[in-house]
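Residue-level structural notes
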There are 2 protein chains.
Amino acid sequence: VVAPHGVDAPGPEVHGACQAARERAVEVILVGDEARLREELERDEAAHARTYRGKVTLHHASEVIAMEDHPGSAFKSKKDSSMRVAFDMVASGEGDAVVSAGNSGAMLACGLFLMKRVAGLERPGIAGLCPTKDGSFCVVLDMGANTDPKPSTLAQFGVLGAVYARKMLGKLRPRVAVLSNGEEQTKGTPLTREAHRLLAASAGDDFEFAGYAEGRDFWGGGLDVVVTDGFTGNIALKTYEGAVRACFEILEQEVRKSAAMKLAALALKPALRAVKRRLEPDEVGGAVLLGLDGVAVISHGRSSGKAMKNAIVGAERLLEARILEELTAALARQRRAWEPAAASEAEG
Amino acid sequence: VVAPHGVDAPGPEVHGACQAARERAVEVILVGDEARLREELERDEAAHARTYRGKVTLHHASEVIAMEDHPGSAFKSKKDSSMRVAFDMVASGEGDAVVSAGNSGAMLACGLFLMKRVAGLERPGIAGLCPTKDGSFCVVLDMGANTDPKPSTLAQFGVLGAVYARKMLGKLRPRVAVLSNGEEQTKGTPLTREAHRLLAASAGDDFEFAGYAEGRDFWGGGLDVVVTDGFTGNIALKTYEGAVRACFEILEQEVRKSAAMKLAALALKPALRAVKRRLEPDEVGGAVLLGLDGVAVISHGRSSGKAMKNAIVGAERLLEARILEELTAALARQRRAWEPAAASEAEG
C-alpha cells in the first residue's frame, strides 16, 4: 500500500509503483486523490508497453497529512488521510506493508495507533542505511522517531538494528556501536554512557558490541549498526548526504574551468556514476520503521520514481525475511542478559 | 605558543611551527619534552635552507594531557603539562595565543581556569568551519565544549559565530541558524526550540536569523553560522569529514578497475585535488575556542605539519582582527534585545 506524500507527489509514487509491478511479482495499492492518481497512471501506461493491469490499483482518500502537520494531532483529525488509510488497510489485512515519503512523525503515530508493537519493545525506531567501505551498509537508528529516548530504548535499537543487519544485509554477528562525540568512554552524554553499559552487558550471539563510534566511522569503521537518538541520527545522515553532494558540486565547478578537464571528466563518467550509485539515497530507497508488528517503509521526501520503486521492493524483501518473529526473540534474549547485570549492580 | 598533542606529536607541530616561521612574521614557542622537540627541530633545520633562528623557541614541560584523560582532573593534577603551561604563558603575557591538537575538553578547562571569559558570556564554545558552496565557510559551534548547553548559551553562540564570520570571513550580516532534525518549527528539541525563540528575538544588525537548518544545509544552505550543542556539532562535522573520505575512496576503487579509468583520473587530477583542498580539514587548520579573553586554536588530532601551520596562521589572524572587544559589545546588544521579549512574555 503506497500513500503518496513526497514533495512531487504523486508522480514519483505512481511511476515507482508501476515500475515495481512491471519488474517484480508485487501488487501495489495507491492511496490518495483518485483522480490525480488515475491521471498519472494513464501517463505511465502511455509511456510503457508492458502491462501491469490489475497489479496497480487505486484506493481513494480525501485528505493528506502535510510535512508541517503535528504528527499526533494530524493522525487524530485527518481520519481519511492517505497515510492513515494505508495503515488501516495493512492493519485490517487488506495490504501487507505501507510505503510513504510522508511526515515520518505521522507515520510513527499511525504505526503506534494502528499496528501493534513487537512484544517487549519500548519504542519503535526509524532505521536508515549509510553506505560503508566494504560495499555494504551500516544500519543507523534512530533517524528521527525519538528525539529524547531512554538509554534502554537505545540499547533495544541495537537489537533491532542487529536483526535487520542479519536478515537484510547478511551479517552473521553484526557489530553494534553507540554514536558519540569521541571514542573514549569519558565522552558522550548520560544517555550514551548508560546505553553503552546496557549494550556491553547484553552483547552475545545476537551482536558484538563495538563501543562508541564517531561521525567519521559510518563509512570506514567496520560497523553494521550505529544507535543514537533521533535528533542526532537525523542530522548525521543528512550531513552525510550534504557532504556527498558537496563533493560532486565542487568537482563539477572545477571541471567546468577547462576543456581538458571536461574531456577527462567525460572519460571518468562511469567511475563517477558508480560513486553516486553507492552513496545516493535514491538507491537505498527508504528508511524502515522498525519494531512495529508490520512493515512500514519511509522513503525519502525528495524521492524519485526509482527511489519509490526501491522502497517498494525493500518492503517486499522485509516481508519475505519475516523479521518480526526474530525481533521478538532477540529482544527477550537481551532483557534476560541485562537484568542480572542490573540486579548485581543494585546489590553492589 | 604551541603545545604538541597530536597523534603523531611532536613531528607535525615542529614542522608546522617552522613553516609558519619561515613564511610569516610570527614567533612560535614550542612547549613540551625539550629533548624530543630539539630533535625534531634539528631534523627540520637539516631539511630546509631558509633560517628561522630565534623565531622558533623551546620551553620545557614534563607532562602531557592524554586524549583519554578526564579534562577537569587532568588540568588539576598535571600542573606541568604542556597544555597548561602554554595557557599559563599566554595568561601571563609571555605568549599571545595557544595552538594545540590536544584533548579539547582539557583545552576548555585550561582556558576557563587560566584565561578570563568575555564579559557577559555563559560558556565559551568551540567553533569549527565547514566549507560551503559559495567557496567560503560556515561557522559551526559548538563542536564539543558543551554537550548539555542551555538555550541561552546556544543563542550566545549565534553571536560568537556571527562576530567570527564578520571578522574572519568578511560576512557583513551573517546568516545564523539552529541545527535541527527538520526545517519545520515543530521539529527539534526543547533546547533548539527555545534557542530558536531567543535568536529570533535578538536578530538585528549583528546577524540575520535563518531559523532551523538541517544537516544537508551546511554545504548549500547559504548559512554563515550554525549553532548546536557540542555533542551534535562534533558528530555532524566528523560525519561530514567521513562522507568526503567515502567519496574519494569509492572513486579510487572504481578507477582502479580499468586502465582507461586510471588514465582519465590522471587527467582529472587537478580538479580532484581542488575538491580535496576545499573539503579537507588540513586546509582549515583548526577550530577556535571562542569566548575566552585570549586566542586558543584547537587543531585536528590527526593534524599534518601543514594543518599545524595553518592553525598557527589562523591564531595570528584572530589576534590581528581583535575580535574580543567586538564579542563583548555584540553580546551586550543581544542581551538588551532579548530581555524585553522575556519580560513581555512573563507578563503575558
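Predicted, not measured: the structure shown is a model, and the values here were computed from it.

What to know about the overall build of chain A
Assigned secondary structure in chain A consists of 14 helices and eleven strands. The C-alpha radius of gyration of chain A comes to 21 Å, within 12% of the 20 Å expected for a compact globule of 348 residues. For chain A, the residues scored as buried account for 57% of the 348 residues in total. On chain A, the mean spot of the 44 positive side-chain charges and the mean spot of the 47 negative ones are 4 Å from each other.

Thoughts on the interface of chain A and chain B
At the interface, 56 residues of chain A touch 56 residues of chain B. When the two sides are added together, the surface that chain A and chain B hide from each other amounts to roughly 5100 Å², 68% of it contributed by carbon and sulfur. Linking chain A with chain B are ten residue pairs in polar contact (both at pLDDT 80 or more). Among the elements of the structure, helix H8 (217-220), helix H9 (230-255), helix H10 (259-267) and helix H11 (269-279) of chain A are those that each provide at least two residues to the side of chain A that touches chain B. For the side of chain A that touches chain B, the element with the highest residue contribution is H9 of chain A, accounting for 21 residues. Across the side of chain A that touches chain B, the residue classes break down as 26 nonpolar, 16 polar and 14 charged.

A short note on the relation of the copies chain A and chain B
Once chain A has been moved 0.0 Å along the axis and rotated by 180 degrees, it coincides with chain B to within an RMSD of 0.0 Å. Within this description, the copies of the chain are treated as partners about a two-fold rotation axis. Here 100% of the contact residues of chain A are again contact residues in chain B; the copies associate through an equivalent surface.

A short note on helix H5 (residues 104-114) of chain B
Residue and element names in this part refer to chain B. Across the eleven residues of H5, eight count as buried, placing the element largely inside the fold. Among all positions in H5, only Ser104, Ala106, Met107, Leu108, Ala109, Cys110, Gly111 and Leu114 are buried. Two or three places before Gly105, at the start of H5, stands the capping residue Asn103, its side-chain oxygen 3.1 Å from that residue's backbone nitrogen.

Thoughts on the packing of H10 of chain A against H11 of chain A
The packing of two helices is summarised by the inter-axis angle and the distance between the axes. Residue and element names in this part refer to chain A. One way to put it is that H10 packs onto H11 with a least axis distance of 4 Å and a crossing angle of 65 degrees. Here H10 contributes Ala265, Leu266 and Ala267 to the contact with H11, which in turn contributes Lys269, Pro270 and Leu272. Looking at the contact of H10 with H11 residue by residue, the classes come out as five nonpolar, no polar and one charged.

Looking at the nonpolar core
Formed by 122 residues in total, the largest nonpolar core has its most connected members in Phe87, Tyr240 and Leu268 of chain A together with Phe87, Tyr240 and Leu268 of chain B. Those residues in contact with Leu268 of chain B, other than ones at most four positions away along the chain, are Leu251, Val255, Met261, Ala264, Ala265 and Leu268 of chain A.

Considering the confidence of the model for chain A
Across chain A, the average pLDDT comes to 88, with 92% of residues at 70 or higher. In the model output, the complex is listed with pTM 0.88 alongside ipTM 0.87.

What to know about the side chain of Thr232 of chain A
One can find Thr232 of chain A in helix H9. Take Thr232 of chain A: its relative accessible area is 1%, and that puts it in the buried class. Side-chain polar atoms of Thr232 of chain A contact the side chain of Asp229 of chain A, separated by 2.7 Å. Once residues within four sequence positions are removed from consideration, Thr232 of chain A is found in contact with Leu179 of chain A together with Phe231, Thr232 and Ile235 of chain B.

Details of the packing of helix H1 (residues 11-23) of chain A against helix H13 (residues 305-321) of chain A
All names here are of chain A. At a minimum axis separation of 7 Å, H1 and H13 run at an interaxial angle of 50 degrees. It follows that H1 is oblique to H13 by the angle criterion. In this structure, H1 crosses over H13, and the sense of that crossing is right-handed. On the side of H1, the interface is formed by Pro12, Glu13, Gly16, Ala17, Gln19, Ala20 and Glu23, while H13 contributes Gly305, Lys306, Met308, Lys309 and Ile312. In the contact of H1 with H13, the residues fall into five nonpolar, three polar and four charged.

What about the pattern of salt bridges?
Per the counting criterion, the structure on display carries 48 salt bridges over all chains. With a closest N to O distance of 3.9 Å, Arg173 of chain B and Glu208 of chain B form a salt bridge. Within this pair, whereas Arg173 of chain B is found in the loop between helix H6 (151-169) and strand S7 (175-179), its partner Glu208 of chain B is found in strand S8 (residues 208-213), the two being separated by 35 residues in sequence. Of the residues examined, Arg173 of chain B reaches a relative accessible area of 43% and is grouped as partly exposed. Members of the salt-bridge network, linked through shared partners, are Glu214 and Arg216 of chain A together with Lys238, Glu241 and Arg245 of chain B.

Details of H11 of chain A
The complete set of buried residues in H11 of chain A reads Ala271, Leu272, Ala274, Val275 and Leu279 of chain A. All buried residues of H11 of chain A fall inside an arc of 155 degrees around its axis, so they share one side.

What to know about the pairing of strand S7 (residues 175-179) of chain A
All names here are of chain A. Where burial is concerned, most of S7 is hidden: four out of the five residues are buried. As defined by bridge partners, S7 adjoins strand S8 (residues 208-213) across four bridges and the pair is classed as parallel. Paired with Val176 across the two strands is Phe209, which belongs to S8. For the crossover that starts at S7, traverses helix H7 (residues 190-202) and ends in the parallel S8, the hand is right-handed. In terms of strand pairing, S7 meets strand S9 (residues 225-227) through three bridges, oriented parallel. Among the inter-strand pairings, Val176 is bridged to a residue of S9, identified as Val225.

Regarding the packing of aromatic side chains
Working definition: an aromatic ring pair is given by the centre-to-centre distance plus the angle between the planes. Inspection of every chain in the model, using the stated rule, returns two aromatic pairs over all chains. An angle of 10 degrees between the planes, with centres 4.7 Å apart, marks the rings of Phe75 of chain A and Phe113 of chain A as stacked. Of this pair, Phe75 of chain A sits in helix H3 (residues 71-77) while Phe113 of chain A sits in helix H5 (residues 104-114); the two residues are 38 residues apart in sequence, bridging distant segments of the chain. We note Lys276 of chain B situated over the ring of Phe248 of chain B; from NZ or CZ to the ring centre the distance is 5.1 Å.

A look at the environment of Thr153 of chain B
All names here are of chain B. Note on placement: Thr153 falls in helix H6. Look at Thr153 and you get buried, because its relative accessible area is 2%. Leave out the neighbours within four places in its chain, and Thr153 touches Glu122 and Arg123.

Quick notes on the rules
- Residues numbered from 1 in each chain as written.
- Chains lettered and ligands numbered in written order.
- Predicted model: local features only at pLDDT ≥ 70, side-chain atom pairs only at ≥ 80, totals over all residues.
- Heavy atoms only, no water.
- Helix = DSSP H or I, 4+ residues; strand = E, 2+ residues; numbered from the N terminus.
- Rg over C-alpha atoms; globule rule 2.2 N^0.38 Å.
- Buried < 20%, exposed > 50% of the residue type's maximum accessible area, 1.4 Å probe, protein only.
- Lys, Arg positive; Asp, Glu negative; His and termini not counted.
- Charge placed at Lys NZ, Arg CZ, Asp CG, Glu CD.
- Contact = heavy atoms within 4.5 Å.
- Buried area = accessible area lost by both parts, 1.4 Å probe.
- Polar contact = N/O pair within 3.5 Å; in protein donor to acceptor, adjacent residues only side chain to side chain.
- Nonpolar A, V, L, I, M, F, W, Y, C, P; charged D, E, K, R; others polar.
- Least-squares fit on C-alpha atoms with pLDDT ≥ 70 in both.
- Axes fitted to C-alpha atoms, helices over the stretch in contact; angles between N-to-C directions.
- Core = buried A, V, L, I, M, F, W, Y, C linked by side-chain atoms within 4.5 Å.
- pLDDT = per-residue confidence, 0-100.
- Parallel < 35°, antiparallel > 145°, perpendicular 65-115°, else oblique.
- Left-handed = near helix turned anticlockwise from the far one by under 90°.
- Salt bridge = Lys/Arg side-chain N within 4 Å of Asp/Glu carboxyl O.
- Arc of directions from axis to C-beta.
- Pairing = 2+ DSSP bridges.
- Right-handed = clockwise from strand over helix to strand, strands pointing away.
- Phe/Tyr/Trp six-rings, centres within 6.5 Å; stacked < 30°, edge-to-face > 60°.
- Lys NZ or Arg CZ within 6 Å of the ring centre and 35° of its normal.

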